[in-house]
Every structure is written in C-alpha cells, then in structure tokens.
Amino acid sequence: LRSIYEAAHRFADEQPPEDFAVDLAEECSPWGKIPPSRLLDASGLLFEYDPDTICNLINGYFHPSNARVDMASTYFGRSADYEDDESSFKVDYYNSFRLSEDCLPPSEDFFDPTKAGPPHIEPIFGTPFWCQQISKSQLELWAKYANPQLPPTDSMLSLPQRNEFIPANFDLKPLPPSDCDHALLNCSIKLQISVGKRKQWFPATVTRYNSIKNQILCHYEDEHERWHQLDVKSSELSHSQLTSSEFEGTLDNKMIKYRIVSLAMEGEKAAMKFGDESDFDVDLGKAFPAIPPAASPSRLPKLIHNTNILKFWHLQDRIFKRPIADLRLSLKCMEANKSALHSACADLLVNIVSDHLTETAYMASVCELGSSLAANDCGFSMRVHGFDDKLLNLFLVVLKTLLKFRDDDLQDLPAGFSKKRFDLVLESYRRSCHNSGMKAQKLGSSARVRCLCPGSFSSREKFKAI
C-alpha cells in the first residue's frame, strides 16, 4: 500500500489552483496537527507503520459497545411529515444529549415510528430522528463475533494476494537523439544575423534539438527553417542563466548571437513570440497568432506493425514526461451492428465481460491503472491507461477475457463465467434499455444520433429484439 500511495502522489495530476487552496486550508486546520513540513503530502502518503496504535484503536475503540448504528429509510416517514408537528422538539445532540432520558428503551420488536412518540429535531440541519438503545443481548452477540478469530474453512473471506499491478519501474524511455529534449526547445528567440554589412535581429522559434550534433532547428517568421550549431553543451545551460535578462548566447562558432524572447515552460508548446508590438496585438485579440510549424515525422504516430490482422501505431509523449501510457485497441466486427439484436448482443457482451473483470479492475485502479470496454458501430473499442510498467498485464487480461467468446460453438458461457451473473447482467441491461427514454435530454440525444447515423438502433429497438 505504501508503494502505491507513493507512486500515485509522485505522478499525480496537477490540481486547479482553487481546489489546491481549499485542500491546503483543510490541512492547516488545528485539529489535524500536521507539521508544516508535511502540509503538501500528509493526506497522500503513508509514513510510519505503527502496529501498537492500530491495535489500540481496534481493541480500545472499535467494539460494539462503543458503536452507533444509523438507519435511514422512507419507512420512518419523510421530513415533510414532521414540519408542522409541534410535539417534536429540538435537542442539543452535540452537548447536552442524555442517553438515559432522550433514548428509547431497548426492544426486540421492530421499530414502529407511530408508537415511538415525537421525534427529536437535529439543530443544524433540522432532520427528525429517534434514538433507541441496543439491547445487552445484542451487544453481547456482536462482541462475541468481534473477538479476533480465523474465518471458517468454508468462508470466502480471506486476505487478498499481493497486487500484481503494483508498478516498480518509473524510468522514462529515451527520446531519439535526432529529436530529443533541450532547455531551448519551444523557446522564442532573436538571432543577430549579418545581412550585407549590417547585422539585424530576426525572430525565430526553436523546434528541434539534435543531441548528436548539438544543433538546434530554428523556424523563422517567413517559415524558413535552418539548423544552427550550439557553442555550449546542453549541460552548461542552467535555468537561472536562461531566465536572466542579461543572457546572450552564441551559435555557429560565435558567428551569430541570440537572446531569449519567451522561455517555454515545462510541458508547454511553442509560444511563437517575436518580441515586438505584434505580441501585444495577439494577446489583445487584434491579430491572429503566428501559424506554428508543421510537426516533424518523428513527432507523428508511427506505424510499427502493419498486417492484414493488426495495424499498430505508436507515439511517444513529449509533453507530460511521466511514465504513463495509453493503449487503445479497435476491434473490427462487421456483425456487431448488423441488426438491433446484434447491437444488443454486442452491448451485452461488453457488460458481461466488464462484470466478470470487476475484481481485476478494482485491483488495477488501486495502482492507478484504468480500463474501459465499449461497443460501437464498427465493433468494439478497448482502452487501458496508467503506469506503463504493468499496463500490458492488464491489457492482456481484458483482451483474453473478451476473446473467450470467440468461435464458441457450444452455445454456452465460457469457462469461469457464471450463469447466475449472466442472468443478472441481462436483467440489468433490459431495465436500462426500458428506462432509457425517461429523461428528455437522453431521448433527444438518442434521436439526434439516429438522425446523423441511420444505421444505429435505439434502446427501445434493442429492448424489443432481446
């Protein structure tokens, strides 16, 4: 658990500033007793394993005699039934509640609100409630089962196995040397270039860096591109140097000087600034921003496998720079949307596979791995995303489970699938189809899709077919 929490905290998504401020204010509350050095990670990490404190909490506080059972049901009535009841009275439940006088005596009979008398009214939210003591025989029975003991041999309750989806490798795959990362990448610069006997400053944007030749590719305002040799190594350029207003570098053996107009932040694309009045016109909406240069072939999805059965594209991340991958698979099935019955069966297949993988999906979600399976007009779409170290493990589990239904001539469920669970999934799907048009928003959305895609089927058609 500690390793899972550390990985999730280390590579957590960036929060909106307003949400982060609210969370930080809650961490600063005096009852939290969080030291200032742990305000940013106190709620996201597990620090010290203290078995004595855990035993003290379980044995000293988590026992039936120290518990309160809350029961909420419309059987007891609704809040509106007691709004005009003058016999109800407010009780300061948080300061002066008396257990012996303000509680009903214990009883073995089922609670009847008509015989229990007027309810108490909670002072803050105005909620009516009754309070009844639990009988000693019931507490003794609960205490008996609360004592530590091993579960019986026929019990399905057991400690889980070690989670197979816990990531261990967080290393990033290196970028190609001919187009890798650099501190000047995506920065807007101005270069002093000799034109005849004069030297002029020309705006440009750094679009690529070649680590083998230590060169940068500059995209000029007239959409002309040119490689320039850096006079210093990338390791010699620090962030403090680049952000200094007096910084001035050289290119091509000190033949060209350059200054930074706009420094690209981590994960941002090129700002395309020129260092003149046109930048203010763009910010004020008076002019169109500059057209960014076309992406190089190395930054486009690359077809790495091409056969009649499988086509596979790969694109390496250059923005977020985290060990997270996103794998998407589109399975073409011409029979999936042939008729309303075929479309309903495709939806039902997705539901029964998702239901079968509930435990696996939960174990993966604990390790920041997610998966989804859906039916579409062309077949099925599957997505697996999260830490790439164990991502393929989850992908294979989902894919193998789905392919168990392929070429099944026995007209029966594959091994491992329960007929009882299938009946429950089928009943749930029928109810969802039957209730699909109850909300005007969903009904209008469904009608719009059928108008744009004549080959699609409504939920009513699927319900009649299945």
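Located above this text is the structure these notes cover.
This write-up is about the structure you can find in this document. Note that this is a predicted model, so its numbers are computed, not measured.

### Overview of the overall build of the protein chain
Move 1: When helices and strands are counted, the protein chain shows 13 helices and 14 strands.
Move 2: Taken over C-alpha atoms, the radius of gyration comes to 33 Å for the protein chain, far larger than the 23 Å a tight globule of 466 residues would show.
Move 3: Considering only C-alpha atoms, the protein chain reaches an extent of 105 × 65 × 50 Å along its principal axes.
Move 4: A burial count over the protein chain gives 25% of its 466 residues as buried.
Move 5: Carbon and sulfur atoms provide 55% of the accessible area of the protein chain, an area that totals close to 33500 Å².
Move 6: Side-chain charges in the protein chain split into 53 positive and 64 negative, and the spacing between the mean points of these groups amounts to 8 Å.

### Here's the deal with the sheet that holds strand β12 (residues 324-332)
Move 1: Read from one edge to the other, the open sheet built from 3 strands follows the order β12-β14-β13, with strand pairing classed as antiparallel. Edge positions in the open sheet fall to β12 and β13 (369-376), since each of these has one partner strand only. Each adjacent strand pair in this sheet contributes to an overall mean axis angle of 10 degrees, direction not counted.
Move 2: Judged from the 8 bridges that link them, β13 and strand β14 (residues 379-387) form a sheet pairing that is antiparallel. Following the sheet pairing, A374 is matched in β14 by S381.
Move 3: Along the sheet face, helix α10 (residues 391-403) touches β12, β13 and β14 and points at about 160 degrees away from the line of β14.

### So, the pattern of salt bridges
Move 1: The final tally for this structure, using the stated rule, is 17 salt bridges.
Move 2: Residues R318 and D179 are paired through a salt bridge, measuring 3.4 Å at the closest nitrogen-oxygen approach. Residue R318 is located in the loop between β11 (311-314) and β12, and its partner D179 is located in the loop between α5 (136-146) and β4 (188-195); the two are separated by 139 residues in the primary sequence.
Move 3: When its relative accessible area of 0% is taken as the criterion, D179 is described as buried.
Move 4: Across the pair R383 and D326 runs a salt bridge, and its minimum N-O distance is 2.8 Å. Residue R383 is found in strand β14, and its partner D326 is found in strand β12; the two are separated by 57 residues along the sequence.
Move 5: Each of D179, R208, R299 and R318 takes part in a single network of salt bridges with overlapping partners.

### Remarks on the sheet that holds strand β6 (residues 215-220)
Sheet strands pair via backbone hydrogen bonds, and the direction of the pair is either parallel or antiparallel.
Move 1: Taking strand neighbours across the sheet as the criterion, the 6 strands line up as β7-β6-β5-β4-β9-β8 in an open arrangement whose pairing is antiparallel. With one partner strand each, in any of the chains shown, β7 (225-229) and β8 (249-251) form the two edges of the open sheet. Strand-to-strand twist across the sheet, computed as the mean angle between neighbouring axes with direction ignored, equals 45 degrees.
Move 2: In this structure, β8 lies alongside strand β9 (residues 256-262), joined through 3 bridges in antiparallel fashion. Residue L251 lies in a different strand from β9, and its bridge partner there is I256.

### Brief notes about a nonpolar patch on the surface
Move 1: Taken together, the side chains of Y49, I54, L57, I58, Y61 and F62 make up a nonpolar region of the molecular surface, amounting to roughly 670 Å² of accessible area.
Move 2: Of note, I58 is situated in helix α3 (residues 51-60).

### Some points on the layout of surface pockets
Move 1: A volume near 1600 Å³ is recorded for the second largest pocket.
Move 2: Forming the boundary of the second largest pocket are 40 residues, of which V69, M71, W130, C131 and Q132 lie nearest the centre.
Move 3: Looking at the lining of the second largest pocket residue by residue, the class counts come to 22 nonpolar, 11 polar and 7 charged.

### A word on the nonpolar core
Move 1: Residues V353, M382, L394 and F395 are the most contacted members of the largest nonpolar core, which totals 32 residues.
Move 2: When residues of this core are traced back to their parent elements, those giving at least two are β12, α8 (340-356), β13, β14, α10 and α11 (419-434).
Move 3: Counting 21 residues, the second largest nonpolar core, distinct from the first, contains L191, A204, V206 and L242.

Definitions and limits used
- What you see as residue numbers is a count from 1 along each chain, following the sequence as written.
- This being a predicted model, a pLDDT of at least 70 is required before a residue's local features are given, and a value of 80 or more before pairs of side-chain atoms are given or counted; all residues contribute to the totals for chains, interfaces and linings.
- Excluding hydrogens and water, the side-chain values take into account all heavy atoms of the structure.
- Put simply, DSSP marks the helices as runs of H or I at least four residues long and the strands as runs of E at least two long, and each gets a number from the N terminus on.
- What the globule rule says is 2.2 Å times the number of residues to the power 0.38, and the radius of gyration is computed from C-alpha atoms.
- Burial classes follow relative accessibility: with a 1.4 Å probe on protein chains only, a residue under 20% of its type's maximum area counts as buried, one over 50% as exposed, and anything between as partly exposed.
- Here the open area of atoms and residues is found with the Shrake-Rupley method and a 1.4 Å probe, where only the protein chains shown may cover a residue.
- The charged-residue count follows a simple rule in which Lys and Arg add positive charge and Asp and Glu add negative charge, with His and chain termini not counted at all.
- A charged residue contributes its charge at one atom only: NZ of Lys, CZ of Arg, CG of Asp or CD of Glu.
- Note on pairing: DSSP must find at least two bridges between two strands before they are called paired.
- For every element, the axis is a line fit to its C-alpha atoms; helices are fit only across the contacting stretch, and the angle between N-to-C directions ranges from 0 to 180 degrees.
- In this description, contact between two residues means that some pair of their heavy atoms is separated by no more than 4.5 Å.
- Counted as salt bridges are all cases of a side-chain nitrogen of Lys or Arg within 4 Å of a carboxyl oxygen of Asp or Glu.
- To count toward a patch, a residue needs a relative accessible area above 30% and no salt bridge. Like charges then connect within 9 Å, nonpolar side chains (Val, Leu, Ile, Met, Phe, Trp, Tyr) within 5 Å.
- Think of a 1 Å grid over just the protein atoms. A cavity is a set of points where a 1.4 Å probe fits yet cannot get out, a pocket is an open set with protein on both sides within 12 Å along at least five of seven lines, and lining residues have an atom within 4 Å of a point.
- Grid points are joined across faces, edges and corners, and a volume is the space filled by probe spheres set on the points.
- The nonpolar class holds Ala, Val, Leu, Ile, Met, Phe, Trp, Tyr, Cys and Pro. Asp, Glu, Lys and Arg form the charged class, and all remaining residues, Gly among them, are polar.
- Remark: nonpolar core denotes a set of buried residues (Ala, Val, Leu, Ile, Met, Phe, Trp, Tyr, Cys) joined through side-chain atoms within 4.5 Å.

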